[in-house]
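Now for the letters of each chain:
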Amino acid sequence: EFIDVKAECRGKLITVSRRNLERADGDWVDPNLFAQDYTPAAATGFQVWDGCWSMVQLLESDLGTELKGKLVVELGSGTGLAGLCAAAIGAHVLLSDVETVTDYGLR
């Protein structure tokens, strides 16, 4: 089960999905638990963390202006929200994560 998360970056609306870990029945099992490349770090890839929101705020500041036209690599991008916001303001962005996160996240 996923929940859409929205952020506005320089007037462009970015929408990503994160896992709903707050299910009413409390019964959440990671569907990727037995994937070959599964790690505990991969389990965190479907969340939008506080640090991501801080990065989105930074991208709205002068830092965002500095990144326009620059090459950016986001390692362990998870939902990709920060990298997508950087792309929305004009950076050339490569998002990356482990295969479990990228394959399951692209839906």
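I will try to describe carefully the structure that is included in this document. (Residues numbered from 1 in each chain as written. Predicted model: local features only at pLDDT ≥ 70, side-chain atom pairs only at ≥ 80, totals over all residues. Heavy atoms only, no water.)

## What to know about the pairing of strand β2 (residues 12–19)
Working note: regular strand, side chains alternate between the two faces of the sheet.
Inference 1: Where strand β1 (residues 2–9) lies against β2, 8 bridges are found, and the strand directions are antiparallel. Following the sheet pairing, alanine 7 is matched in β2 by isoleucine 14.
Inference 2: Here β1 folds back onto β2, and the loop between the two strands holds 2 residues, one of which, arginine 10, carries a positive phi near 50°. (Pairing = 2+ DSSP bridges. Helix = DSSP H or I, 4+ residues; strand = E, 2+ residues; numbered from the N terminus.)

## A few points about helix α2 (residues 50–60)
Because an α-helix packs 3.6 residues into every turn, residues spaced three or four apart end up facing the same way.
Inference 1: Turning to α2, its buried residues are Cys52, Val56 and Leu59. Buried residues of α2, viewed axially, fall in a sector of 60°; they line one side. Residues of α2 that are exposed and point more than 90 degrees away from the buried face comprise Asp50 and Gln57.
Inference 2: Looking at the buried side of α2, the elements it contacts are β1, α3 (62–67) and α4 (81–88). (Buried < 20%, exposed > 50% of the residue type's maximum accessible area, 1.4 Å probe, protein only. Arc of directions from axis to C-beta. Contact = heavy atoms within 4.5 Å.)

## Examining the nonpolar core
One recurring pattern in soluble globular proteins: nonpolar side chains tend to sit buried together.
Inference 1: In terms of nonpolar packing, the biggest core is built from 18 residues, with Cys9, Ile14, Leu81 and Cys85 touching the most fellow members.
Inference 2: Ranked by residue count, the leading element in this core is α4, at 5 residues.
Inference 3: Ignoring sequence-local partners within four residues, the contact set of isoleucine 14 consists of Val5, Lys6, Ala7, Cys9, Leu81, Leu84, Cys85 and Ala88. (Core = buried A, V, L, I, M, F, W, Y, C linked by side-chain atoms within 4.5 Å.)

## Considerations on unusual backbone geometry
Inference 1: Unusually for a residue other than glycine, arginine 10 sits at a positive phi of about 50°.
Inference 2: As for its placement among the helices and strands, arginine 10 is situated in the loop between β1 and β2.

## Thoughts on the pairing of strand β3 (residues 71–74)
Inference 1: Burial along β3 is one-sided: the face carrying Val72 and Glu74 is buried and the face carrying Leu71 and Val73 is not.
Inference 2: Both β3 and strand β4 (residues 92–95) contribute to a ladder of 4 bridges, which runs parallel. Paired with valine 73 across the strands is leucine 94, a residue of β4.
Inference 3: The parallel pair β3 and β4 is bridged by α4, and the resulting crossover is right-handed. (Right-handed = clockwise from strand over helix to strand, strands pointing away.)

## Here we look at a nonpolar patch on the surface
Inference 1: Taken together, Met55, Leu58 and Leu63 make up a surface patch of nonpolar side chains, about 230 Å² in accessible area.
Inference 2: Mapped onto the fold, leucine 63 is located in helix α3.
Inference 3: Assessed through its relative accessible area of 35%, leucine 63 is described here as partly exposed. (Patch = residues over 30% accessible without salt bridge, like charges linked within 9 Å, V, L, I, M, F, W, Y side chains within 5 Å. Areas by Shrake-Rupley, 256 points an atom, 1.4 Å probe, with all protein chains shown as cover. Salt bridge = Lys/Arg side-chain N within 4 Å of Asp/Glu carboxyl O.)

## Some thoughts on the state of the cysteines
Inference 1: As enumerated under the stated definition, the model contains 1 disulfide in all.
Inference 2: Note on cysteine connectivity: cysteine 9 is disulfide-linked to cysteine 85, with sulfurs 2.2 Å apart. Where cysteine 9 bonds to cysteine 85 through sulfur, the torsion about that S-S bond is close to 50°, and the disulfide is right-handed. Remark: cysteine 85 occurs in helix α4 and cysteine 9 occurs in strand β1; sequence separation between them is 76 residues.
Inference 3: Between cysteine 52, a free cysteine, and cysteine 85, which holds the nearest cysteine sulfur, the sulfur-to-sulfur gap is 6.9 Å. (Disulfide = S-S within 2.5 Å.)

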